[in-house]
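Geometric and topological summary
So you can see what is in the structure, the chains are spelled out below.
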Amino acid sequence: METIHADVVIVGAGGAGLRAAIAIAETDPSLEIALISKVYPMRSHTCAAEGGAAGVKGADDSLEMHFNDTVSGGDWLCDQEVVEYFVSQASRELIQLEHWGCPWSREDDGSVAVRPFGGMKKKRTWYAADKSGFHILHTLFQTSLQFPSIKRYDEYFALDLLHKDGKCRGVVAMEMRSGRFFAYHAPAVIMASGGAGQVFPFTTNGAVKTGDGMAMAYRAGIPLKDMEFVQYHPTGLPGTGILLTEGCRGEGGILVNKNGYRYLQDYGMGPETPIGSPVLKTMELGPRDRLSQAFWHEQKKGNTVETPWGHSVLLDMRHLGEKKINERLPLVRELASSYVGHDPVKEPVPVRPVIHFMMGGIDTNLNGETQMPGLFAIGETACSGLHGANRLGSNSLTDLLVSGKRSADRASAYAKETGRSEDNPTLRAQAEDIVGNVRGLLQRSGGGETTAGVRREMRDSLESGAGIYRDEKGAQATCDKVAELHERFQGIEVNDKSNVFNTDLQQLLELRNLLDVAETVAEGSLQRRESRGAHQRLDFVGRDDENFLKHSLAFREPKGRPRIEWLDVTITRSQPGVRDYSGGKDK
Amino acid sequence: MSKRTLDIEVLRYDPEQDTEPHFMSYQVPCEEDWAILDALNYIKEELDTTLAFRWSCHMMVCGSCGMMVNGEPVLTCKTFVRDLPKDVRIEPLENFPIERDLVVVLDDVMEKLQMAKPYIIRKDPPPENEEFNQPRSALYKFKQYTMCVNCMCCYSACPQYALDSSFIGPAVLALAHRYNIDSRDQGKSERLDILADHDGVWNCSFVGACSEVCPKNVDPAAALQQMKIDGAKAYWLQKLPGGKS
Amino acid sequence: MSRNPYVRPVSPTTWYMRNGRYIKYMLREVTCLLVGFYSFFLICVLAILAGGSEERWLAFLASQQNAFWLAFHVIALLFYLVYMTFDWFQLAPKAMPLQVGEQKVPPAFIVAAHYVAWAVVTALVFLLAGVF
């Protein structure tokens, strides 16, 4: 095993990891950064984000309004000091990105354009047509190339954290193309490894999103927070789960059921607004949790459309016209035409809710600090309490930047204060253990289970017990199933014994991470006996602020299911109230 | 939905076992609406877990899944079963060394990316606390060149790169051009110094294959020809009295 | 260690047989031989003219009045038209894209403009040569 020393190790080279790396390189070029990613940076899943990034822009908008939208959108589970900081830094970060060359779409006067987005009271979503995440990622990646202190380790799969005396000291990773192992020693580690949508069968998330960072932190004894809050995006393509951005509705697209009826008005998001002139924060511009739940009810009522890929509703954008669709939603047009054969210019496109985002993640504070000194977490892999029980569309791309920058500043200060870590027997033994574990997986034979088989059962179980609506029985069954699959995981044999680019082994390691994440999602879904935001219980209808205005913290137990503890939500100025999406009535 | 069985030949190479690549055949029952990537995943999950290939987003933006399908470099998530004959041959991208199966070594292009200086270079500081003003007309000048997903299909199609890998190549040069013509950038001359050279744009003989195979319509061939004109202009301007050396 | 990337050989002499795209490109490139030869031919013709001997000039004209030379001129003209003119005009919009405001000028328009310019220049040459 080779040893690499750095000042800061960043795991994950998506939007958050790259932003953090640049921040460190800019502020102190003497700090050596090791940027580890299991894929080349431009493959990171930030590239798939379409709609845009939120930051107050217009003269009629204010930080206060962005704060209120985010907190009510999150059903008051947001930590409000985090939201306050986030809204205050949002536009600054987006301007920074503009200075780095991000090709934001423009208004007639040459200023950056903003579009309406779900749950937002004002137009404040900065966008680059419908490939905002793609452009943000590439801008950050390309910008990062000018800093020699950022040393990239592309296609290195991070395995587990190194820690000693309760402090994080580094990480062990495997180089995919050689099968060689590397121990990275650094006083500060920033986890920026993205979400875990792959625990579900039907997701907008790419294959890479297997919750690696969450699972590594969890195995190191750090709790995962609010894992029961999983966001369904209301408009994915049936079959593939490919995302059609909220921008479709922001630009004026409408959702209808099989009778051509705009059903959202029946679910507290009415009255109906005129077609072609969308009204902010109501109807199709309601929040994602509400829209996805409305679909569930429509399906129960038999109002959905049957397609070759299952039940759907229809997203109608025809009235936007070809010119606008080509200018603002070209990717959407290409995706819908290619994958379901419906050209949005000519016909409505079938869509259905699809797993999109984890509100939960590694428990951090505003600074991205976890409960383990030296370990930081940012972006989707973290849960700082920004998104609460339901994230508003376009807040997460901005969060990559805001949390990336803030945490980078803290991590570099911490690294300088702590100094380079010495190689020592404890850490060496730990690294050997981690590697031995992986070698063990590779050499295992017999057992009769397959990665694909166990993974499929896990996903199906998560969908049935931790989907849009949950109940005690279903969630309990999922907890039991995941525990069973943990056992059966031991019986999976890796057929591929090669050291070179062994994706059979990689998928098994990813499955181990997915199972760890899955058990926290299931346990949270079981133990949160209320309905809030994206977590809806059929047997506990309505929010219960008395008992559950709290974050759940899932701790790993050496044997058996995770232990859940509860942590108070930080409220600074907005007391829990009613989420009103009936158009213009709230202040 | 109707199923269709394809006979898929995949080029396999495990450096620890094989001295050279060889084909393996799989019969794959495909759904009619599948992309060929779905068929590869079917092989991986159901028939042969040892097959190695890169993929992630399955929506044409991450650029991981570039491969040769029946001789053409394509994104496999964007190449549909409905458009393919019964016999399909999948190989790793041409013009790159094969690491393993369908996975190629991309080091060369990743290193060249650095040469393009693909970031905004400023001589004057940017506006304070606000964005640059950039009319849509200025944005649309370079927008198409920002669409590259680095799938490397263009390198695979370029005979010039095949014959002489010192050629910087289509995607990287197109990216340099993207920054050269961005109204916010002031680094054009710095880039041309490096790129308007023999290994740069002048190694391109305008075969145009890069643009024909580009899955995102970036049209790198166009960018290169424009850079040739820019490079030639800069060269002659230097020769003029008062021109900088 | 265990890595051993495999480099597929590329034949320096037959690479262009790999696909039709390359063959077409090579065809375009080999026309340079014809172009080169025709340029040389024209220089020779100019030399005869510059020599000032009417006799030699008439002899030269007479030498061209047979099937071989006629065929040669027709083929040369076709190559000039198809490859040097049509092909290059076709590629012109890539090298010289035009944008008016936010709209890209359609490539067909740029190609057409080249043909117009070509016609004008030809007419001018004819005019100078006293054809009209």
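Starting afresh in each chain, residues are numbered from 1 along the sequence in its written order. Lettering of chains starts at A and numbering of ligands starts at 1, both following the order in which they are written. Side-chain atom pairs in this predicted model are given and counted only at pLDDT of 80 or more, local residue features only at pLDDT of at least 70, and totals for whole chains, interfaces and linings cover all residues. The side-chain values count all of the structure's non-hydrogen atoms but skip hydrogen atoms and water molecules.

For the rest of this paragraph, the subject is the overall build of chain A. Per the convention used, a helix needs a DSSP run of H or I reaching at least four residues, while a strand needs a run of E reaching at least two, with both numbered from the N terminus. Scanning chain A from N- to C-terminus turns up 15 helices and 24 strands. Just to be clear, the radius of gyration here is over C-alpha atoms, and the globule rule we use is 2.2 Å times residues to the power 0.38. In summary, chain A has a C-alpha radius of gyration of 23 Å against a globular reference of 25 Å for 587 residues, a match within 12%. Overall, the C-alpha framework of chain A stretches about 70 × 55 × 50 Å when taken along its three principal axes. Only protein chains enter the accessibility calculation, which uses a 1.4 Å probe; a residue whose area is less than 20% of its type maximum is buried, one above 50% is exposed, and one in between is partly exposed. Expressed as a percentage of its 587 residues, the buried residues of chain A come to 69%. Contacts: residue pairs with any heavy atoms within 4.5 Å of one another. In chain A, the share of contacts with a sequence separation of at least 24, taken over all contacts with a separation of at least 6, comes to 74%. When the accessible surface of chain A is split by element, carbon and sulfur atoms take 47% of a total near 17,900 Å². The average position of the 69 basic charges and that of the 78 acidic charges among the side chains of chain A differ by 1 Å. Residue burial considers only the protein chains on display, and all accessible areas are found by Shrake-Rupley using a 1.4 Å probe. When charges are counted, Lys and Arg are positive and Asp and Glu negative, with His and the chain ends excluded. Charged side chains are reduced to one point each, which is NZ for Lys, CZ for Arg, CG for Asp and CD for Glu.

All right, on to the side chain of Arg 169 of chain A then. Mapping Arg 169 of chain A onto the fold places it in strand 9 (residues 167-175). When near neighbours in sequence (up to four residues on either side) are disregarded, Arg 169 of chain A contacts Leu 162, His 163, Lys 164, Tyr 184, His 185, Ala 186, Ser 421, Glu 422, Asn 424 and Leu 427 of chain A.

In this section: the sheet that holds strand 8 (residues 156-164) of chain A. All names here are of chain A. An order of 1-10-9-8 is seen for the four strands of this open sheet, with the pairing classed as mixed. Strands with a single pairing partner mark the edges of an open sheet, and in this sheet they are strand 1 (2-5) and strand 8. With strand direction ignored, the average angle separating the axes of adjacent strands in the sheet is 25°. As paired elements, strand 9 and strand 10 (residues 181-185) share five bridges and run antiparallel to each other. Looking across to strand 10, one finds that Gly 170 is bridged to His 185. Axes, fitted as lines to C-alpha atoms, cover a helix only where it is in contact. Angles between the N-to-C directions of the axes lie from 0 to 180 degrees. Contacting strand 8 and strand 9, helix 14 (residues 503-527) runs over the sheet at an angle of about 45° to strand 8. Any two strands are treated as partners once DSSP identifies two or more bridges connecting them.

Attention now moves to the confidence of the model for chain B. Confidence scores labelled pLDDT are given residue by residue by the predictor and lie between 0 and 100. For chain B, per-residue confidence averages 95 on the pLDDT scale, and residues scoring 70 or more make up 98% of the total. Of the two predicted TM-score estimates for the complex, the pTM is 0.96 and the ipTM is 0.97.

This part is about the sheet that holds strand 24 (residues 563-568) of chain A. Residues and elements named next belong to chain A. Taken together, five strands build an open sheet; the order of strands is 20-18-12-23-24 and the sheet is mixed. The open sheet is flanked by strand 20 (382-383) and strand 24, the only strands paired with a single partner. Bridging between strand 12 (residues 224-225) and strand 23 (residues 550-555) involves two bridges; their strand directions are antiparallel. Of the residues in strand 23, the one forming a bridge with Lys 225 is Leu 553. Helix-sheet contacts for helix 5 (residues 212-219) involve strand 12, strand 18 (361-363) and strand 23, and the interaxial angle to strand 18 is about 35°. Relative to the sheet, helix 14 contacts strand 12, strand 23 and strand 24, its axis offset from that of strand 24 by approximately 65°.

Here we come to the interface of chain B and chain A. Taken together, the 66 residues of chain B in the interface contact 65 residues of chain A. In this description, buried area is defined as the sum, over both parts, of the accessible area (probe of 1.4 Å) that is lost when the two are combined. Counting the surface chain B buries against chain A, the share from its top three residues, Met 59, Glu 131 and Arg 136 of chain B, is 13%. By convention in these notes, a salt bridge is any Lys or Arg side-chain nitrogen within 4 Å of a carboxyl oxygen on Asp or Glu. Applying the counting criterion to the chain B and chain A interface returns 10 salt bridges. Mapped onto the side of chain B that touches chain A, the elements with two or more residues apiece are helix 1 (36-47), strand 6 (98-100), helix 2 (107-115), helix 3 (136-142) and helix 6 (170-180) of chain B. When residue character is reported, Ala, Val, Leu, Ile, Met, Phe, Trp, Tyr, Cys and Pro are called nonpolar, Asp, Glu, Lys and Arg charged, and the others, Gly included, polar. When the residues that make up the side of chain B that touches chain A are grouped by side-chain class, the tally is 34 nonpolar, 12 polar and 20 charged.

Here we take up the pattern of salt bridges. Residues and elements named next belong to chain A. This model, assessed by the stated rule, comprises 89 salt bridges over all chains. Measuring nitrogen to oxygen at the nearest pair gives 2.9 Å for the salt bridge that ties Arg 573 to Glu 84. Linking Arg 573 in the segment after strand 24 with Glu 84 in helix 3 (residues 80-99), this pair joins segments that are 489 residues apart in sequence. Note on Arg 573: relative accessible area 41%, which makes it partly exposed.

Moving on: the pairing of strand 2 (residues 8-11) of chain A. Residue and element names in this part refer to chain A. Of the two faces of strand 2, the one holding Val 8 and Ile 10 and the one holding Val 9 and Val 11 are both buried throughout. Across four bridges, strand 2 lies against strand 3 (residues 33-37) in parallel orientation. Bridging from a neighbouring strand, Val 11 pairs with Ile 36 of strand 3. Of the strand pairs in this sheet, strand 2 and strand 11 (residues 188-191) are connected by four bridges, and their pairing is parallel. Looking at the pairing, Val 11 lines up with Met 191 of strand 11.

All right, on to the nonpolar core then. Residues and elements named next belong to chain A. Residues grouped as a nonpolar core are buried Ala, Val, Leu, Ile, Met, Phe, Trp, Tyr and Cys residues, joined through side-chain atoms within 4.5 Å. Residues Ile 10 and Trp 104 are the most contacted members of the largest nonpolar core, which totals 163 residues. Filtering out sequence-adjacent residues up to four positions away, Ile 10 remains in contact with Gly 17, Ala 20, Ala 21, Ile 24, Ile 33, Ala 34, Leu 35, Ile 36, Ile 190 and Ala 192. Among the nonpolar cores identified, the runner-up in size contains 78 residues, and Met 227, Met 358, Val 438 and Phe 501 belong to it.

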